[in-house]
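Next come the chains, spelled out residue by residue.
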Amino acid sequence: MAHAAASRVALRAVPSRILRPSYADTGIVDPSPTNIILYRDPEDIEAIRHAARLARRVLDLAISLASPGVSTLDIDAKVHDAICGEGAYPAPLNYKGFPRSVTSSINEEVCHGIPTGYILRQGDIAKFDVSVFTKEGFFGDNCGTVVVGEDGKGEGEESLASRLNRVTKFALDSSIRSLGPGVCLTQIGEIIETIAEREGFESVEAYCGHGVGRSFHMLPFVQHFRNTTRLTLTEGMVFTIEPMFTAGKQYTKVCDDQWTVVTLDGSLAAQYEHMVRITSNGVEVLTDSETAPEFSDLQ
């Protein structure tokens, strides 16, 4: 798949009534906080839930649209309209100059893909990362993967793309089940890489999860491989876990468009991402689809 240097494109219009993040007009991102922010105020927690649930609802929309014959640019347009329709801002739009409202990464593309006129085909493995900035001033962020044209019923022999997709999601879910106050952050990477190795895949080391709330990306940063970071999880921490698995080697490069990340060996990649909040006795998955209400309930 070719990735030409990105020319400046007109950004999709956002209604003036919608609150914008600081970078919306300039593309310049403010420095992140240098300390870990703990969200314990009930109003803040509810605002974070609202942002996360909206992000998840729109991710589900993007996934549902990924069918043979549909272009990623069409999906970007529908995602943009859905987010703006809920009074929120599509967080990727003009973030450090990113030209679209969702990232779409196909096959060997690992992450940060720019939606284009590419037409999805049967069997493509497509990753969509949906992020929002709400009127309360909070970010919601999540990602999912779909094998285009497969219904997920598991009939017949499982394709490589489907197995990669399933195992990546399983690794994310398994790491989340281990979390709670007092747990060390390194446990996430240990669990994820162990599953990748067991299944014959690799976990990308170049990109990580991150704290999220009133800032899009901030501490703590979450590695998806074995590491020596020592941080005890504390009630009120909110962050993403977003493993990226490859069917070949985990090494990547950034394409000429300065955004799209691809595997060096051309192997397939999958990614899943959840926002989580550490509670007094465990963990809350903020972007769980089972808690994401219909659009009409998000007003």
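Residues numbered from 1 in each chain as written. Predicted model: local features only at pLDDT ≥ 70, side-chain atom pairs only at ≥ 80, totals over all residues. Heavy atoms only, no water.

Trainee: How would you sum up the overall build of the protein chain? Please name residues and give values.
Mentor: Of the regular secondary structure elements, the protein chain holds four helices and 15 strands. Taking 2.2 N^0.38 as the reference for a compact globule, 299 residues should give roughly 19 Å; the C-alpha atoms of the protein chain span a radius of gyration of 18 Å, in line with that estimate. Split into buried and exposed, the 299 residues of the protein chain put 54% on the buried side. Long-range contacts, defined here as pairs at least 24 residues apart, represent 72% of the contacts in the protein chain between residues at least 6 apart. Here the protein chain displays about 12,800 Å² of accessible surface, and carbon together with sulfur accounts for 49% of that area. (Helix = DSSP H or I, 4+ residues; strand = E, 2+ residues; numbered from the N terminus. Rg over C-alpha atoms; globule rule 2.2 N^0.38 Å. Buried < 20%, exposed > 50% of the residue type's maximum accessible area, 1.4 Å probe, protein only. Contact = heavy atoms within 4.5 Å. Areas by Shrake-Rupley, 256 points an atom, 1.4 Å probe, with all protein chains shown as cover.)

Trainee: Residue-level account of the layout of surface pockets, with values.
Mentor: Any space left empty among the atoms is revealed by the rolling of a water-sized probe across them. Taken as a whole, the second largest pocket encloses approximately 540 Å³ of empty space. Lining the second largest pocket are 26 residues; nearest its centre among them are Tyr95, His112, His210, His217 and Trp259. When the residues that make up the lining of the second largest pocket are grouped by side-chain class, the tally is 13 nonpolar, eight polar and five charged. (1 Å grid on protein atoms, 1.4 Å probe; cavity = no way out; pocket = protein on both sides within 12 Å on 5 of 7 lines; lining within 4 Å. Points joined across faces, edges and corners; volume = space filled by probe spheres on them. Nonpolar A, V, L, I, M, F, W, Y, C, P; charged D, E, K, R; others polar.)

Trainee: I'd like to hear about the environment of Glu202, residue by residue, with values.
Mentor: Along the chain, Glu202 turns up in strand 6 (residues 202-203). Measuring from C-alpha to C-alpha, the distance between Glu202 and Ala247 comes to 6.8 Å, with 45 residues separating the pair along the chain. Apart from the residues within four sequence positions on either side, Glu202 is in contact with Ala196, Met244, Phe245, Thr246, Gly248, Lys249 and Gln250. Within polar-contact distance, the side chain of Glu202 engages the backbone nitrogen of Gln250 at 2.9 Å. (Polar contact = N/O pair within 3.5 Å; in protein donor to acceptor, adjacent residues only side chain to side chain.)

Trainee: An account of the sheet that holds strand 6 is needed here, citing residue identities and associated values.
Mentor: Across the sheet, three strands lie side by side as 6-10-13; this open sheet has antiparallel pairing. The open sheet is flanked by strand 6 and strand 13 (269-271), the only strands paired with a single partner. (Pairing = 2+ DSSP bridges.)

Trainee: Would you mind going over the sheet that holds strand 12 (residues 261-263) in detail, with residue names and values included?
Mentor: Read across the sheet, three strands follow the order 3-12-11 without closing on themselves; strand pairing throughout is antiparallel. Each having just a single partner strand, strand 3 (109-111) and strand 11 (252-254) make up the two edges of the open sheet. In this sheet, adjacent strand axes meet at a mean angle of 40 degrees when their direction is disregarded. Where strand 3 and strand 12 come together, two bridges link them in antiparallel fashion. Looking across to strand 12, one finds that Glu109 is bridged to Val262. (Axes fitted to C-alpha atoms, helices over the stretch in contact; angles between N-to-C directions.)

Trainee: Hey, could you go over the packing of aromatic side chains for me, with residue numbers and the actual values?
Mentor: Taken as a whole and assessed by the stated rule, the structure comprises six aromatic pairs. Geometrically, the ring pair formed by Phe98 and Trp259 is edge-to-face, given 5.1 Å between the ring centres and 85 degrees between the ring planes. One end of the pair, Phe98, is in the loop between strand 1 (89-90) and strand 2 (103-106); the other, Trp259, is in the loop between strand 11 and strand 12, and 161 residues separate them in sequence. For the pair Phe98 and Trp259, a shared accessibility class is recorded, and that class is buried. Judged by centre distance (4.7 Å) and plane angle (45 degrees), the ring pair of Phe133 and Phe139 falls under tilted. Per residue, the accessibility class of Phe133 equals that of Phe139, and both read buried. In this structure an aromatic cluster arises from ring pairing among Tyr23, Tyr95, Phe133, Phe139 and Phe216. (Phe/Tyr/Trp six-rings, centres within 6.5 Å; stacked < 30°, edge-to-face > 60°.)

Trainee: Please set out helix 1 (residues 42-65) residue by residue, giving values where relevant.
Mentor: In this model helix 1 runs 35 Å from its N-terminal to its C-terminal C-alpha over 24 residues, within 8% of the 34 Å that 1.5 Å per residue would give. If you check the start of helix 1, you find a side-chain oxygen 2.8 Å away from the backbone N of Glu43, and it comes from Asp41. (Expected span 1.5 Å × (residues − 1).)

Trainee: Outline the confidence of the model for the protein chain, supporting the account with residue identities and numerical values.
Mentor: The predicted model of the protein chain has a mean per-residue pLDDT of 94, with 93% of residues at 70 or higher. Across residues 294-299 the pLDDT falls below 50, and counting only partners more than four positions away or on other chains, this stretch makes 16 contacts in the model. (pLDDT = per-residue confidence, 0-100.)

Trainee: Can you lay out empty space enclosed by the protein for me, pointing to particular residues and giving the numbers?
Mentor: Tallied over the full model, the rule gives one cavity of 30 Å³ or more. Within this model, the largest cavity holds a volume of roughly 30 Å³. Lining of the largest cavity is provided by Thr103, Ser105, Val110, Cys111, His112, Lys127, Asp129, Cys143 and Gln271. Counted by class, the lining of the largest cavity contains three nonpolar, four polar and two charged residues.

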